[in-house]
Amino acid sequence: MFKFLKDKLKGAISKFSKKAGEETAAEEPIKEEAKQEVIKKKEEQIGKEGKIGETKEKKPEEEPKLGEEIEKFEEKEEVKEEKGLFGKLKEKIVTTKLSYRKFENLFSDLELTLMENNVALEAVEKIKNDLQQNLVEKPIKRTKIEETVRESLKKSIGDLFKIDKINLLGKIKEEEKPFVIAFFGVNGSGKTTTIAKIANMLEENKISCVLAASDTFRAASIEQLQHHADRLGIKIIKHEYGSDPAAVAFDAIKHAKAKNIDAVLIDTAGRLHSNENLLKEMKKIIRVAKPSLKVFVGEAITGNDCVEQARRFNESVGIDGIILAKADIDEKGGAAISISYTTKKPIMYLGIGQGYADLKEFEPNLIVEGLGL
Ligand SMILES: Nc1nc2c(ncn2[C@@H]2O[C@H](COP(=O)(O)OP(=O)(O)O)[C@@H](O)[C@H]2O)c(=O)[nH]1
Ligand SMILES: [Mg+2]
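Procedures and definitions
- Residues numbered from 1 in each chain as written.
- Chains lettered and ligands numbered in written order.
- Predicted model: local features only at pLDDT ≥ 70, side-chain atom pairs only at ≥ 80, totals over all residues.
- Heavy atoms only, no water.
- Phe/Tyr/Trp six-rings, centres within 6.5 Å; stacked < 30°, edge-to-face > 60°.
- Helix = DSSP H or I, 4+ residues; strand = E, 2+ residues; numbered from the N terminus.
- Buried < 20%, exposed > 50% of the residue type's maximum accessible area, 1.4 Å probe, protein only.
- Core = buried A, V, L, I, M, F, W, Y, C linked by side-chain atoms within 4.5 Å.
- Domains from an automatic or database assignment.
- Contact = heavy atoms within 4.5 Å.

**Topic: the packing of aromatic side chains**
- Taken as a whole and judged by the stated rule, the model has 4 aromatic pairs.
- Plain terms: the ring middles of F103 and F107 are 5.6 Å apart, the flat faces sit at 20° to each other, and that makes the pair stacked. Of this pair, F103 and F107 both sit in helix α3 (residues 100-116), 4 residues apart, roughly one helical turn.
- Looking at F107, the relative accessible area reads 0%, which means it is buried.
- Consider the rings of F296 and F313, whose centres lie 5.4 Å apart with planes at 45°: the pair is tilted. Of this pair, F296 sits in strand β8 (residues 293-299) while F313 sits in helix α11 (residues 304-317), and the two are 17 residues apart along the sequence.

Take a look at the structure:
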């Protein structure tokens, strides 16, 4: 999933580390070009989110004022004395201290790499702050710089997923029947396909389910769900096109109750997340079906748009978890890195293809390992 980012990141880390350890006291010119590019990228992202006033530029206290004399590097020779069995052992360690200014300069490459790969601004800022805390004004052995950068990134990115997981199968087995899951997301994000994959997984785990064709809006949506239901041998509840989606969900739940079926999977129409009618429709489905779980299905390849959609769906209907479809064709991976941090909701599964078995349980390690950290 991170084909592109992995290589770029590797290059950026190595460049960062090499430059950070370079023995030069000469003042490096501020890389205006790189800075401008970062600013441009940030403006693009902020523009999309439409929240220009809300972005916070954190200015750490230790940031030197312009014009101030800045010491780029402080290189020290430390003589460590240790009393050992054979007398004094002297170890000469060459350490490097990175100034805030130097860090800012070096981070711009890494920052650009992350942003070009669709990592959301908030996540980039968090990663930057963590790295800064671990590196700036800390004596670090010169041979350990790359390791320190790598470890910091690994921990920082891992921390982006410190959110309680959802054990879907366990929850369905434990909670009251039927367990109702409503799937939301924009048009074409992969909802219907994902529902078929989930239904298949539930059946494999001896959990029965019924599908509710509550996308009564999009042409051929009912036939699409019907096709999956037929292939999987699962019951589908459907009405006419243009009928009330909440009524379809209601009938599916009624059917599940009557037949003692474990779970109900509600497919919904995905028009634009800003669409008022859709919002009303989603709210009605939620009011009527009272889903045990509201899942946002996003398209990993759309990067920042996907993260932004998740945020908006969460604000309007409140989502519990996320499924990122099309992770198999996403070479950047920024949405997967950022979406949980931005919404504070866990990624439950990744869609990794168009087959029924192409659903992978999400583990934060997939990200850290995928990035080669
Ligand atoms: N490569 C790939 N394609 C997918 C995945 N999930 C869905 N798709 C494809 O994306 C397209 C839209 O999916 P669909 O389920 O109809 O989206 P919906 O409009 O949200 O219901 C279809 O062609 C699917 O086959 C996935 O994980 N990987
Ligand atoms: Mg659909």
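**Description of the nonpolar core**
- Residues F16, L110, I266, L324, I339, I367 and L371 are the most contacted members of the largest nonpolar core, which totals 78 residues.
- With 8 residues, α3 is the single largest residue contributor to this core.
- Counting contributing residues, this core receives three or more from each of domain 1 (3-159) and domain 2 (168-370).
- Beyond its immediate chain neighbours, meaning those up to four positions away, L110 contacts L9, A12, I13, F16, L131 and L153.
- Core analysis: the second largest hydrophobic core is formed by 30 residues, I207, I222, I236 and A263 among them.

From the geometry alone we can't say anything about function, so treat these as descriptive.
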